[in-house]
Amino acid sequence: MPTTTLARQSFPAPSSTLPPVVLLHGFAASGEEDFVATGWPEDLVAAGRSVEVVDLPGHGRSGAVAGDAATTAGVVAALAGVLAELDAGVGVDVVGYSLGARLAWELPGATGRVRRLVLGGLSPFEPFAAVDVAAVGRAAARAAGEADAGSGLAADGAADPLVGMMAAMVSAPGRDTASLLALMAGLGSQPFDPAAGVPAVPTLVAAGADDVMTSGLGAVAATLPDAVFVRVPGDHRGALDSAEFRDAAIRFLA
């Protein structure tokens, strides 16, 4: 299966003997936005951990993605390549948020290299399977055309609120709209199944107290053989930025 080379930023910790920590961001974001700008690498390095902040395919500084490389299997294969490069025989710890958590779920079974896992903002259902990707593409194209014409009308003017929300996300400034649409289709074609590929490594599962995307996540966490479930303050974005989530993740990985 074709894979995509992924961009990443490295934050070394002097004399660290613990595995590196890989940070995986959410959909239509980047490692810079979700983690670097919010201080995650600094806090992890201060705790004695080397950090690798990865940009998912079609996101941030990583290259464009399409076809089989944009499916769940294709993205997991690309991430497995990163873990293989980083594993020096002691494994790798992984923190994933939102889409990053959904992909991180697959990595222990796919690679055998994950020592500990942190899953934040994980949705127990596959959001992309319920989205009309073609409609999102049309709405995004309309928004781009209207913006070029100076109308100022946003993509969320679409009749379907979900389509409008997704169109606004994929057409935001600096986004690779074509890659994000390809990922929506590819991920939706291989939807998340919480009964499959259950991580067998120690796992911290975190959900924002006001995050509707994670409804039912506690029940999913209860199916894992070695998991801790925590609720932290915030909605879907706020939970990622909460000090409580970051502190819990750092303690768990230690």
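Here's what I pulled together on the structure shown here. (Residues numbered from 1 in each chain as written. Predicted model: local features only at pLDDT ≥ 70, side-chain atom pairs only at ≥ 80, totals over all residues. Heavy atoms only, no water.)

1. Structural notes on unusual backbone geometry
Worth spelling out the cut-off: The secondary structure listing takes helices from DSSP runs of H or I that are at least 4 residues long and strands from runs of E that are at least 2 residues long, numbered from the N terminus.
Phi angles above zero are rare outside glycine, and serine 15 is one such case at about 60 degrees. Position of serine 15 relative to the elements: it lies in the loop between β1 (8–11) and β2 (21–24). Look at serine 98: it is not a glycine, yet its phi comes out positive at around 60 degrees. The topology assignment puts serine 98 in the loop between β4 (92–97) and α4 (99–104).

2. Concerning the packing of aromatic side chains
Keep this limit in mind: Geometry of aromatic contacts follows a simple scheme: Phe, Tyr and Trp rings, the Trp one being its six-membered ring, pair when their centres are within 6.5 Å, and the pair is stacked under 30 degrees between planes, edge-to-face over 60, tilted otherwise. Three labels apply to residues, based on accessible area from a 1.4 Å probe with only protein chains included: buried if under 20% of the type maximum, exposed if over 50%, partly exposed otherwise in between. The rule is short: NZ of Lys or CZ of Arg within 6 Å of the ring centre and within 35 degrees of the ring normal puts a charge over the ring.
Tallying each qualifying case throughout the model produces five aromatic pairs. When the ring of phenylalanine 35 is compared with that of tryptophan 40, the centres are 5.5 Å apart and the planes differ by 85 degrees; the resulting orientation is edge-to-face. For tryptophan 40, a relative accessible area of 1% corresponds to the buried category. Here the aromatic cluster, defined as three or more aromatic residues joined through ring pairs, consists of Phe35, Trp40, Tyr97 and Phe245. Across the ring face of phenylalanine 252, the terminal group of arginine 116 is positioned such that the distance to the ring centre comes to 4.7 Å.

3. Comments concerning the sheet that holds β2
Which entries qualify depends on this criterion: In short, DSSP must find at least two bridges between two strands for them to pair. In this analysis, axes come from line fits to C-alpha atoms, helices being fitted only over the stretch in contact, and the angle between any two N-to-C directions falls in the range 0 to 180 degrees.
The seven strands are arranged β1-β3-β2-β4-β5-β6-β7 in an open sheet whose pairing can be described as mixed. Among the strands making up the open sheet, the edge pair consists of β1 and β7 (227–232). Taking each pair of neighbouring strands and ignoring which way they run, the sheet shows an average axis angle of 15 degrees. Where strand β6 (residues 203–208) lies against β7, six bridges are found, and the strand directions are parallel.

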